[in-house]
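# Chains, contacts and geometry: an overview
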Amino acid sequence: MTRWMTAAAAAAILSGMASAQDEGIEFRLGVTAHDLADHVEDGPNVTLELLFESPDFLEPIWAPRPFVYGSFNTNGLTNFGTAGLAWDWDLGGNWDIEYTFGLSYNDGVKDIDQNSPPGDPERIRLATTRALMGNHILFYNGLGLDYDLSDNWSVGAYYEHISHGQILASGRNQALDNAGVRLSYRFGR
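Now for a description of the structure that goes with this document. None of the values given here were measured: they were computed from a predicted structure.

The eight strands lie next to each other as β1-β2-β3-β4-β5-β6-β7-β8, forming a closed barrel whose pairing is antiparallel. Strand after strand, the sheet turns through a mean of 25° between neighbouring axes, direction not considered. With seven bridges connecting them, strand β3 (residues 65-73) and strand β4 (residues 80-92) associate as antiparallel partners. Within β4, the position partnered with V68 by the bridge is A83.

Laid out in structure tokens, this is it:
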């Protein structure tokens, strides 16, 4: 999983570097409180994100910016990587709101082995310490509020939710809800 996320981030960085001088690539570093809804998994997540200039072909859907995102749990629990689209709306007075949607891949526990007996220590440990994701491929939704400190720097707060919504899989769907803060730097402005 770590190799996959590292390769995806490297590909995104390399593809974006070519256009960094003309297009506003944005890098974000953040930290989130992890698993807010169920409180099964502990530890904050460190997050990294790259957003790219919206390509012309996305104009018909309000010009969202493509992004890649990684969220890494500091306690070694569920990590995930996401690729998707981000829509921004200027609220005035240096404030903007952002909605993000994408697909994510997580390295978490899908479900408890149904063949193990109810008293099995491993089954009990997983049920009490891990979010049971239901699938490794999940939808990603996020909502953020950012304040521009300058043309290049901004700070913000955001909420994110990953789950399969009974669409990408069926059955178990504990999902993850995280909320945090981020610092952004825009290149090419």
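Judged by side-chain polarity, F27, L29, V46, L48, F72 and F187 come together as a nonpolar surface patch covering roughly 470 Å² of accessible area. Broken down by secondary-structure element, the contributors of at least two residues to the nonpolar patch are β1 (26-33) and β2 (45-51). Relative to the assigned elements, F72 resides in strand β3.

Let us look at empty space enclosed by the protein. Taken as a whole and judged by the stated rule, the model has two cavities of 30 Å³ or more. Here the largest cavity is characterised by a volume of approximately 70 Å³. Taken together, E49, E98, Y99, T100, Y140, G142, L143, G144, Y158, Y159 and R182 make up the lining of the largest cavity. Looking at the lining of the largest cavity, the elements that each hand over two or more residues are β5 (95-106), β6 (137-148) and β7 (153-163). Element by element, the count of residues in the lining of the largest cavity is highest for β6, at four residues. By residue class, the composition of the lining of the largest cavity is five nonpolar, three polar and three charged. Estimates place the volume of the second largest cavity at around 30 Å³. In terms of lining residues, the second largest cavity is bounded by R28, L29, G30, T47, L48, E49, Y69, Y158 and R182. Broken down by secondary-structure element, the contributors of at least two residues to the lining of the second largest cavity are β1 and β2.

Reading the values: rules and limits
Residues numbered from 1 in each chain as written. Predicted model: local features only at pLDDT ≥ 70, side-chain atom pairs only at ≥ 80, totals over all residues. Heavy atoms only, no water. Pairing = 2+ DSSP bridges. Helix = DSSP H or I, 4+ residues; strand = E, 2+ residues; numbered from the N terminus. Axes fitted to C-alpha atoms, helices over the stretch in contact; angles between N-to-C directions. Patch = residues over 30% accessible without salt bridge, like charges linked within 9 Å, V, L, I, M, F, W, Y side chains within 5 Å. Areas by Shrake-Rupley, 256 points an atom, 1.4 Å probe, with all protein chains shown as cover. Salt bridge = Lys/Arg side-chain N within 4 Å of Asp/Glu carboxyl O. 1 Å grid on protein atoms, 1.4 Å probe; cavity = no way out; pocket = protein on both sides within 12 Å on 5 of 7 lines; lining within 4 Å. Points joined across faces, edges and corners; volume = space filled by probe spheres on them. Nonpolar A, V, L, I, M, F, W, Y, C, P; charged D, E, K, R; others polar.

Note that all results are geometric; they support no functional claim without further evidence.
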